[in-house]
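Each chain is listed here by its residues.
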Amino acid sequence: MGDTQAPVNGVLLIDKPVGPSSNAVLQRAKRLLGAARAGHTGTLDPLASGLLVIGLGEATKFAGALLDSDKAYRARIKLGERTETGDAEGPVLERSEVSATREDLLAVLDRFRGEIAQLPPRHAAIKHQGRPLYAYARRGEHVRRSPRPIVIRRLELEQFEGDTARLFVECSKGTCIRVLAEDVGAALGCGALLAGLERTAVGPFRLEQSVSLDVLEALGLPERRERLLPPEALLGSRLRLTLEARLAAKFRRGQAVSVSCTSGNVAVFGEDGMFLGTGEVDSSRTLQPKRLLALH
């Protein structure tokens, strides 16, 4: 599908619905845009919705830049139930009466702000000896899990009614919202599960910037491609370095060049404003190419 003469290189912000896997959404978006390659910058479970950042074509080379980014979520947690998976899909392990007040919940949330250690769930995608934890869990095998340091930058109670609370969470990479829901329930003494999850931000990108697959499908191919952000959007506020034509030509060939800026990771552009790739300037002010955009 699409014009094979026009390579598709860019960033697509999708509002993923509840139900399909992140990979299913990725493959559909890839077909709709007529892209040769596609990759996302962080998966969402089938039961979760919200912002999925997809790199198409050459943009896939720079998707890793978002892996360390903060993320934001709206989470709905149900108090009084614990399940095997920490969400509404798993078998119920325990039901308890919920007597917690709004004040009780607010006091508990205070414990989870800032730098904390979180134990990954048994059904996580984190790998142990080359296999994801969920593969062991599905076979009934138990493996040792170690707490991981995370940061909860914001944790706000947006709504609390009966046995259901809605939280806004802004957190570091590696944070599992299912575990946060379970830990809040344990602290209240009644247990809890994650009943719903919407991702509202990934790094500099916001859900309000995204488009649904249904809306995308209703557009013509040119209009779909107009929704793409340039590959360098994945690099956020990284320092920009502009090279004059002679140095830009060498950089594009993968050669190191001398520059006048301080050391660090940089996004490299030509004098015409064209994005060329990423590089690292060392202490001797030599720019070493890292990832180059294949220009046609």
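In this text, all values refer to a predicted model and were calculated from it rather than measured experimentally. (Residues numbered from 1 in each chain as written. Predicted model: local features only at pLDDT ≥ 70, side-chain atom pairs only at ≥ 80, totals over all residues. Heavy atoms only, no water.)

Asker: Let's hear about helix α4 (residues 177–188): which residues, and what values?
Answerer: With twelve residues, α4 extends 17 Å between its outermost C-alpha atoms, agreeing within 8% with the 16 Å of an ideal straight helix rising 1.5 Å per residue. Those residues of α4 that fall on the buried side of the exposure criterion are Ile177, Arg178, Val179, Leu180, Ala181, Val184, Gly185 and Leu188. Lining the buried residues of α4 we find β4 (71–79), α2 (102–109), β7 (114–118), β10 (148–161), β11 (164–171) and β12 (192–202). In the stretch just after α4, Gly189 is the one whose phi turns positive, near 85 degrees. (Helix = DSSP H or I, 4+ residues; strand = E, 2+ residues; numbered from the N terminus. Expected span 1.5 Å × (residues − 1). Buried < 20%, exposed > 50% of the residue type's maximum accessible area, 1.4 Å probe, protein only. Contact = heavy atoms within 4.5 Å.)

Asker: Please provide a residue-by-residue account of the packing of aromatic side chains, values included.
Answerer: According to the stated counting rule, one finds two aromatic pairs in the structure shown. Taken together, Phe62, Phe269 and Phe275 form an aromatic cluster joined through their ring pairs. The ring of Phe269 carries the charged tip of Arg240 above its face, separated from the ring centre by 3.7 Å. (Phe/Tyr/Trp six-rings, centres within 6.5 Å; stacked < 30°, edge-to-face > 60°. Lys NZ or Arg CZ within 6 Å of the ring centre and 35° of its normal.)

Asker: I'd like a rundown of the nonpolar core, residues and numbers included.
Answerer: Looking at soluble globular proteins, one finds that nonpolar side chains tend to be buried together. Counting residues in hydrophobic clusters, the biggest one holds 30 residues, and the most contacted among them are Ile77, Leu105, Leu155, Val169, Ile177, Val184 and Leu188. Residue assignment for this core shows that the elements contributing at least two residues are β4, α2, β10, β11, α4 and β12. Not counting the four nearest positions on each side in its chain, Leu155 is found in contact with Leu109, Phe112, Arg113, Leu167, Phe168, Val169 and Leu180. (Core = buried A, V, L, I, M, F, W, Y, C linked by side-chain atoms within 4.5 Å.)

Asker: Kindly report on the side chain of Ser49, identifying the contributing residues and their values.
Answerer: By the element assignment, Ser49 lies in strand β3 (residues 48–56). For Ser49, a relative accessible area of 14% puts it in the buried group. Setting aside residues no more than four positions away along its own chain, Ser49 makes contact with Lys16, Pro17, Val18, Leu44, Leu197, Glu198 and Arg199.

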